[in-house]
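# Breakdown of the fold
Residues per chain are reported as follows:
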Amino acid sequence: MTEITDFHAWPDAHGRFGDFGGIYVAETLMEPLAELTAAYEKLRTDPDFIAELDRDLKYYVGRPSPVYHAERLSKHVGGARIVLKREDLNHTGAHKINNTVGQALVARYMGKSRIIAETGAGQHGVASATVAARMGLKCIVYMGAVDIERQKINVYRMRLLGAEVVPVTSGSKTLKDALNEAMRDWVTNVADTFYIIGTVAGPHPYPQMVRDFNAIVGREARAQTIEQFGRLPDVVTACVGGGSNAIGIFHAFLNDRDVRIVGAEAAGDGIETGRHAASLAAGKPGVLHGNRTYVLSDANGQIVETHSVSAGLDYPGVGPEHAFLKDAGRAEYVGVTDDEALEAFHLLARTEGILAALESSHAIAQAIKLARELPPDGLVLANLSGRGDKDVHTIAAREGIEL
Amino acid sequence: MSRIDRRFAALKAAGRTGLIPFVTAGDPSPDGVVALLHGLVAAGADLIELGVPFSDPMADGPVIQHASERAIAKGVGLANVLAWVAAFRENDTETPIVLMGYLNPLEMYGYAAFAEDAVDAGVDGVLMVDCPLEESHVLEPLRQAGLQQILLASPTTTEARVGALCEAAAGFLYYVSFAGITGAAQLSTGDIAARVAGIRARSKAPVAVGFGVRDAAGAKAIGEFADAVVIGSALVDRIAGATSADDAVGRARDFLAPIRAALDAR
């Protein structure tokens, strides 16, 4: 690959990030995607749209979220300063709302009356149901039957918000199958339906649009670290499933070449066991869900079932921009195991009084590793992408505690 | 002239409408695939679409998805599919075979390696559901090797895209008659007829129509204005419960015979 001078210049006109991304979908979806691309291209520079989005982010989501210096955690670890971007403090408790607020606005500007979404952990489903309720749009959420079982609270939360949760029983009954089912719904009902994809995957323009709506995380964090610490961080880290919170915080730093960027993927029981979801660390380039990216598949090209204690990271692909950043050498992607994430969860809870989502606990674990490599005046910025209330049952069950 | 081109030229010369059955490779039984392919030809198939099983068939309905899942559970992969085509070619060098599926199995096999092995096996074309014209650069090694990429058009395809598709079409152009997933809902024949007429007038390649054709009446209605009719989910559904390879062949024959007759009665 040729030397990249501006990491903010992607994707290109074809929706590609170098060899990755693109529009790998059935013919029936080409026109709906072209319509969406045209609408989004217009809206992203439309002053009225931007003003409305900014108002929603400020007064409904509660932005900006703080950057918090986790002093007791840093001291306990005994390395560099660890600072946390507190996306867990957003309305609905995660970064996902940044994207759904944006896409719901796009849906309204396009005149669509029905919203569909897929969800894994349920966070994106809740965030979609939330904005649909607020805008008075009908909302259908596709969710794998296995995920419904392990995320009961979020399922009930979506129903409280007026959404219909449709169990998906095909394939592995998890996020990827929910995504397939949502695509089918969209193909069939495209005239009145807007599909809110929850991560930076899918066909163009989704990886770009979802990134743009989450990029506020990094823009704020960059300005906040300069303001609070008088400098940029040495390293930025975030957990990577589909990769929306990660690209959100990474993007503003991509052209700051001195800032190291590290994504933490779910290594599950350990990459060597095969029971993991580390598409970038252990996968190969392939095509899944409308884009070319790193995927986890077997020798026959069948997508394999992944494993992570965190439902939100349990995905066999990854956003194409991450694949691009990996191959360009701009970002590193490493695995964090279930056990390491759990240990970080407990450490953060006891030293800082913060219950992190299991997804975000992977980023905390990685931040701890990175802090140990740096001197005390070093600065590690981690994206605390969501709060852990939804996970307390999973954690209790794993530790043999009956609630 | 390719095998597909020769077949469509012969159909045109004879004034016949082509019949293109689809089956998923390895379903209902991996042992019976070659016999089933010959059975389809005996029942009147002019060209065969052979589905390469994929774990995440985004654009297919439950019938074909389940067929894929069953085949994958029996260990069916792209290499098996190519071996079956090669075995079929030992006794049939005339019936074109198009592999239908998704890109990821080709990505893992390697495009160049696949192109070479597919040509050796006697495959004539590929229809990659998740590879629209805009991304077909990835299939360049296949075209170089002489395989034809079958392109699709659909009710949501704009006139501008139809023009590009008609220009790029090779083998035949596959018109998806329903905007949803395979095997769902009813046809509205009038709409399809008008659209297909417009496409046929512009396309360099013949136009086959599929998605939603379930029986002789549906096939006959489509046959009035298409160069060929594709039958997929309904056939897969019919042979799914077969108790043996012979039973599958028998079921396919019983299902296709009235459709063939209806097309020939025009």
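Before any of the text, the structure's been laid out above.
Since the model is a prediction, treat every value here as computed from it, not as a measurement.

## Regarding the interface of chain A and chain B
Facing the 36 residues of chain A at the interface are 40 residues of chain B. One can count 3 salt bridges joining chain A with chain B. Between Glu135 of chain B and Arg16 of chain A there is a salt bridge, and its shortest N-O distance comes to 3.0 Å. Taken together, chain A and chain B are joined by 19 residue pairs in polar contact (both at pLDDT 80 or more).

## Regarding the sheet that holds strand β5 (residues 114-119) of chain A
All names here are of chain A. Taken in spatial order, the 4 strands of this open sheet run β7-β6-β5-β8, and their pairing is parallel. The open sheet has two edge strands, β7 (164-168) and β8 (193-196), and neither has a second partner. The sheet shows a mean angle of 25 degrees between the axes of neighbouring strands, taken without regard to direction. In the sheet, strand β6 (residues 138-144) pairs with β7 via 5 bridges, with the strands oriented parallel. Its bridge partner being in β7, Gly144 is matched across the sheet by Val168.

## Section: the pairing of strand β4 (residues 81-86) of chain A
Residues and elements named next belong to chain A. The element β4 is extensively covered by neighbouring structure, given that 5 of its 6 residues are classed as buried. As paired elements, β4 and strand β14 (residues 379-384) share 6 bridges and run parallel to each other. Within the sheet, the bridge partner assigned to Arg81 lies in β14 and is Leu379.

## A closer look at the pattern of salt bridges
Under the definition given, this model contains 43 salt bridges over all chains. Here Lys390 of chain A and Glu359 of chain A are joined by a salt bridge, their closest N and O atoms 2.8 Å apart. With a gap of 31 residues between them, Lys390 of chain A in the loop between β14 and α16 (392-398) and Glu359 of chain A in helix α15 (residues 358-372) connect regions that are remote in the sequence. For the pair Lys390 of chain A and Glu359 of chain A, a shared accessibility class is recorded, and that class is buried. The partner of Asp46 of chain B in a salt bridge is Arg16 of chain B, and the shortest N-O contact between them spans 3.9 Å. Taken together, the residues span a long stretch of sequence, with Asp46 of chain B in the loop between α2 (33-42) and β2 (48-51) and Arg16 of chain B in the loop between α1 (3-14) and β1 (18-24) at a distance of 30 residues. Exposure remark for Asp46 of chain B: the relative accessible area of 7% places this residue in the buried category. Each member of the salt-bridge network shares a partner with another, and the members are Glu41, Arg44, Arg211, Asp212 and Glu321 of chain A.

About the cut-offs
Residues numbered from 1 in each chain as written. Chains lettered and ligands numbered in written order. Predicted model: local features only at pLDDT ≥ 70, side-chain atom pairs only at ≥ 80, totals over all residues. Heavy atoms only, no water. Contact = heavy atoms within 4.5 Å. Salt bridge = Lys/Arg side-chain N within 4 Å of Asp/Glu carboxyl O. Polar contact = N/O pair within 3.5 Å; in protein donor to acceptor, adjacent residues only side chain to side chain. Pairing = 2+ DSSP bridges. Helix = DSSP H or I, 4+ residues; strand = E, 2+ residues; numbered from the N terminus. Axes fitted to C-alpha atoms, helices over the stretch in contact; angles between N-to-C directions. Buried < 20%, exposed > 50% of the residue type's maximum accessible area, 1.4 Å probe, protein only.

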